[in-house]
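# Observations on the three-dimensional arrangement
What follows is each chain in one-letter form.
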Amino acid sequence: MRRVVVLAVVLPLIAAGPAAAASGTLTQPLERQGYHLYGQYCARCHSTGLGPSLDGVGAVSADFYLRMGYMPLAQLGEQPTHRNTPLLSDPQIRALVAYIASFGGPAIPQPQPALGNLSQGQALFTEHCAGCHQIVAQGGYVTGALPPPLDRVNATEIAEAVRIGPYVMPKFTEKAISDTELNSIVRYVEYTQHPDHPGGAGLDFLGPVPEGLVTWFVAIPLLLVLCLFVGRRLSA
């Protein structure tokens, strides 16, 4: 009978993986609260093999996916195509992040865009990010994924995405992009959210293709109509 009781206690911990097994060593109230939230919202996928292991992902990954509303997923295997309202409250997110951080891994980055260089940020963004997100950070299309627009992300979320590489986005370590360069990238992305308008209306800064279409299908026909009108007036 004792053996049955022991198995009844131990087997669920083994099935849940290191996350549940670590609960006995938690000393902080926030981590213990996060442990219960993990069992409620995360263990179904991340402790059964349906989702990736969270060992070593650190606070940075947990904070990014939860605050962007990407996790928990409504349907397993889907990629959220836009930012969603977070399912959990801010205190719940902080508790769950603290618990997942107890498995080890990097902390949440603390970017300082005010120390960055806007021109350098544009150059770095062009080199590393514009191929998917467009130079104006309005999102785009790639095979198997939809890079989102960056008009609603804050400095911390930008830095988190650079460091973890969500979904098909590449992960950039400090060797690939230093913290100083990351400050410049964050500053440029923040600039694209409220860009200057030196040349008039920017067509929502969608890029050269929409602007070219406006030229071909709006401006040129208007010029032709104007030429015909002036020509008729002169011939009269």
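None of these values were measured; they are calculated from a predicted model.

### Considerations on the overall build of the protein
Counting secondary structure elements, the protein contains 11 helices and 0 strands. Along the chain direction, N to C, the helices and strands of the protein fall in the order α-α-α-α-α-α-α-α-α-α-α. Taking the intrachain contacts of the protein between residues at least 6 apart in sequence as the baseline, contacts between residues at least 24 apart amount to 65%. Summed over its atoms, the accessible surface of the protein is roughly 14,500 Å², and 62% of this surface lies on carbon and sulfur atoms.

### Observations regarding the nonpolar core
Core analysis: the largest hydrophobic core is formed by 25 residues, its most contacted members being Phe-64, Phe-125, Leu-150, Ile-177, Leu-182, Ile-185 and Val-189. For this core, the elements supplying multiple residues, two or more each, are helix H5 (58-67), helix H7 (118-128), helix H9 (155-164) and helix H10 (179-193). The greatest single-element share of this core, amounting to 6 residues, is contributed by H9. Once residues lying within four places of it in the same chain are set aside, the contact partners of Ile-177 are His-128, Val-162, Arg-163, Phe-172, Leu-182 and Ile-185. Membership of the second largest hydrophobic core comes to 17 residues, among which are Cys-42, Ala-62, Ile-93 and Phe-103.

### A few points about unusual backbone geometry
Going from Met-71 to Pro-72, the amide bond is cis rather than trans, its omega being -5°. Relative to the helices and strands, Pro-72 is located in the loop between H5 and helix H6 (90-101). For Gln-134, which is not glycine, the phi dihedral falls at a positive 70°. Examined against the element boundaries, Gln-134 turns out to sit in the loop between helix H8 (130-133) and H9. Looking at Gln-134, the relative accessible area reads 31%, which means it is partly exposed.

### Observations regarding the side chain of Asp-63
Tracing the sequence through the fold places Asp-63 in helix H5. Residue Asp-63 is classed as buried on the basis of its relative accessible area, which comes to 6%. At a separation of 2.7 Å, a polar atom in the side chain of Asp-63 contacts the side chain of Arg-67. If we skip the residues at most four places from it in the chain, Asp-63 touches Ile-93, Val-97, Ile-108 and Glu-160.

### Looking at H5
Side chains three or four residues apart in an α-helix point the same way, a direct result of the helix having 3.6 residues per turn. Counting buried positions along H5 yields 9 of 10 residues, so the element is predominantly enclosed. All of the buried residues along H5 are Gly-58, Ala-59, Val-60, Ser-61, Ala-62, Asp-63, Phe-64, Tyr-65 and Leu-66. On its buried face, H5 sits against H6 and H9. Looking one or two places after H5, you find Gly-69, whose phi comes out positive at around 75°.

### What about the confidence of the model for the protein?
Confidence in the prediction of the protein, expressed as mean pLDDT, is 82, and 79% of residues score 70 or more. In the model, residues 1-21 has pLDDT below 50 throughout and makes 13 contacts with residues more than four positions away in sequence or in other chains.

### Thoughts on helix H3 (residues 29-41)
With 13 residues, H3 extends 18 Å between its outermost C-alpha atoms, agreeing within 8% with the 18 Å of an ideal straight helix rising 1.5 Å per residue. Residues Glu-31, Gly-34, Leu-37 and Tyr-38 constitute the buried set of H3. Viewed along the axis of H3, the buried residues span an arc of 115°, placing them on a single side of the element. Turned more than 90 degrees from where H3 packs its buried face, Pro-29, His-36 and Gln-40 sit exposed.

### Things to note about the layout of surface pockets
Considering only enclosed or pocket space, the largest pocket measures out at about 620 Å³ in volume. Looking at the largest pocket, it is lined by 28 residues, and the ones nearest its centre are His-46, Pro-52, Leu-54, Tyr-65 and Met-71. Where the lining of the largest pocket is concerned, the elements lending two or more residues are H3, helix H4 (43-46), H5 and H6. Across the lining of the largest pocket, the residue classes break down as 19 nonpolar, 8 polar and 1 charged. Taken as a whole, the second largest pocket spans an internal volume of roughly 500 Å³. Along the wall of the second largest pocket there are 30 residues; nearest its centre are His-133, Pro-148, Ala-161, Pro-166 and Met-169. Tallying contributions element by element places H9 first for the lining of the second largest pocket, with 4 residues. By residue class, the composition of the lining of the second largest pocket is 25 nonpolar, 4 polar and 1 charged.

Reading guide: rules and limits
Residues numbered from 1 in each chain as written. Predicted model: local features only at pLDDT ≥ 70, side-chain atom pairs only at ≥ 80, totals over all residues. Heavy atoms only, no water. Helix = DSSP H or I, 4+ residues; strand = E, 2+ residues; numbered from the N terminus. Contact = heavy atoms within 4.5 Å. Areas by Shrake-Rupley, 256 points an atom, 1.4 Å probe, with all protein chains shown as cover. Core = buried A, V, L, I, M, F, W, Y, C linked by side-chain atoms within 4.5 Å. Buried < 20%, exposed > 50% of the residue type's maximum accessible area, 1.4 Å probe, protein only. Polar contact = N/O pair within 3.5 Å; in protein donor to acceptor, adjacent residues only side chain to side chain. pLDDT = per-residue confidence, 0-100. Expected span 1.5 Å × (residues − 1). Arc of directions from axis to C-beta. 1 Å grid on protein atoms, 1.4 Å probe; cavity = no way out; pocket = protein on both sides within 12 Å on 5 of 7 lines; lining within 4 Å. Points joined across faces, edges and corners; volume = space filled by probe spheres on them. Nonpolar A, V, L, I, M, F, W, Y, C, P; charged D, E, K, R; others polar.

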